[in-house]
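A look at the structure
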Amino acid sequence: MNTALWIITGLLAAVFLFSGFGKLFVPREKMAGMAEAARWVLDFEPGTLKAIGALEVLGAVGLVLPAVLGIAPVLVPLAATGLALIMTGAMILRIRRGEPKAALGDGAYLALTVFVAIGRFALEPFTG
């Protein structure tokens, strides 16, 4: 279980770092033009996108760094819970926009973040 949690945590951290940095540094209009699934960014102000990006980067760092450093490892499931909340909002947005395929993708990330949160809170916590 511990190995599965680490693998999923590493993948989630990479995805949220990439996504978060994109929201922080890529202009909204350019991001919207990259893919049809990215047009949702036009529904938000640039400052809001930067805030979402910053939260994603912080969440990605919070998934890995506390456990690796052994400092406050309880932050790992809390970061996973926070990212699950972000993905819940993403799913709601996709459903409201009529984008069921993108909502399924967001739902997969939601399921993985919930798995990590439950796994690190109850199944395989870092502290005994």
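Relevant structure appears above.
Since this is a predicted model, take the numbers as computed values, not measurements.

Points about the pattern of salt bridges
Side-chain pairs of opposite charge can arise where the charged atoms are in close proximity. Overall, the coordinates contain six salt bridges when judged by the stated rule. For Arg 94, the salt bridge goes to Glu 99, with nearest N and O atoms at 2.8 Å. For Asp 106, the salt bridge goes to Arg 94, with nearest N and O atoms at 3.2 Å. Highlighted residues: Asp 106 in helix α5 (residues 100–123) and Arg 94 in helix α4 (residues 75–96), separated in sequence by 12 residues. Residue class for Asp 106 comes out buried when judged on its relative accessible area of 10%. For Arg 94, a relative accessible area of 10% gives the class buried. Each of Asp 43, Arg 94, Arg 97, Glu 99 and Asp 106 takes part in salt bridges that share partners, so that together they form one network.

Section: the nonpolar core
One finds Leu 12, Phe 16, Leu 63, Ala 80, Met 87 and Val 116 to be the most contacted residues of the largest nonpolar core, which totals 16 residues. For this core, the elements supplying multiple residues, two or more each, are α1 (2–25), α3 (46–69), α4 and α5. Discounting chain neighbours no more than four positions away, the residues touching Ala 80 are Leu 63, Thr 113, Val 116 and Ala 117. Residues Trp 40, Val 41, Leu 49 and Leu 93 belong to the second largest nonpolar core, which totals six residues.

A word on the packing of α1 against α5
At a minimum axis distance of 10 Å, the contact between α1 and α5 shows a crossing angle of 135°. The angle between the axes of α1 and α5 places the two elements in the oblique class. Of the two possible hands of crossing, α1 and α5 adopt the one that is left-handed. Touching Asn 2, Leu 5, Trp 6, Ile 8, Thr 9, Leu 12, Val 15 and Phe 16 of α1 are Tyr 109, Leu 112, Thr 113, Phe 115, Val 116, Gly 119 and Arg 120, all from α5.

Let's talk about the packing of aromatic side chains
For the structure shown, the criterion picks out three aromatic pairs. When the centroid spacing of 5.7 Å and the interplanar angle of 80° are considered together, the rings of Trp 40 and Phe 44 count as edge-to-face.

So, how was this worked out
Residue positions are counted from 1 within each chain, in the order its sequence is given. Local features in a predicted model are, by the rule used here, given only for residues with pLDDT of at least 70; side-chain atom pairs are given and counted only at 80 or more, and totals for whole chains, interfaces and linings are based on all residues. The side-chain numbers reported here are obtained from all heavy atoms of the structure, hydrogens and water having been left aside. Between Lys or Arg on one side and Asp or Glu on the other, a salt bridge is scored when a side-chain nitrogen of the former is within 4 Å of a carboxyl oxygen of the latter. Comment: elements are numbered from the N terminus, with helices defined as DSSP H or I runs of at least four residues and strands as E runs of at least two. The buried label goes to any residue with under 20% of its type's maximum accessible area, the exposed label to any with over 50%, and the partly exposed label to all in between, with areas taken from a 1.4 Å probe on protein chains only. What makes a nonpolar core is a set of buried Ala, Val, Leu, Ile, Met, Phe, Trp, Tyr and Cys residues whose side-chain atoms join them at distances within 4.5 Å. Residue contacts are defined here by distance: any two heavy atoms, one from each residue, within 4.5 Å place the two residues in contact. Under this scheme, a helix contributes an axis fitted over its contacting stretch, all axes are lines through C-alpha atoms, and angles between N-to-C directions fall in the 0 to 180 degree range. Note that the term roughly parallel is reserved for angles under 35 degrees, roughly antiparallel for angles over 145, roughly perpendicular for angles of 65 to 115, and oblique for everything else. In this scheme the handedness of a crossing depends on how the near helix is turned from the far one: anticlockwise by less than a right angle means left-handed, clockwise means right-handed. Centres within 6.5 Å make a pair out of two Phe, Tyr or Trp rings, where for Trp the six-membered ring is used; the pair is then stacked when the planes are under 30 degrees apart, edge-to-face when over 60, and tilted otherwise.

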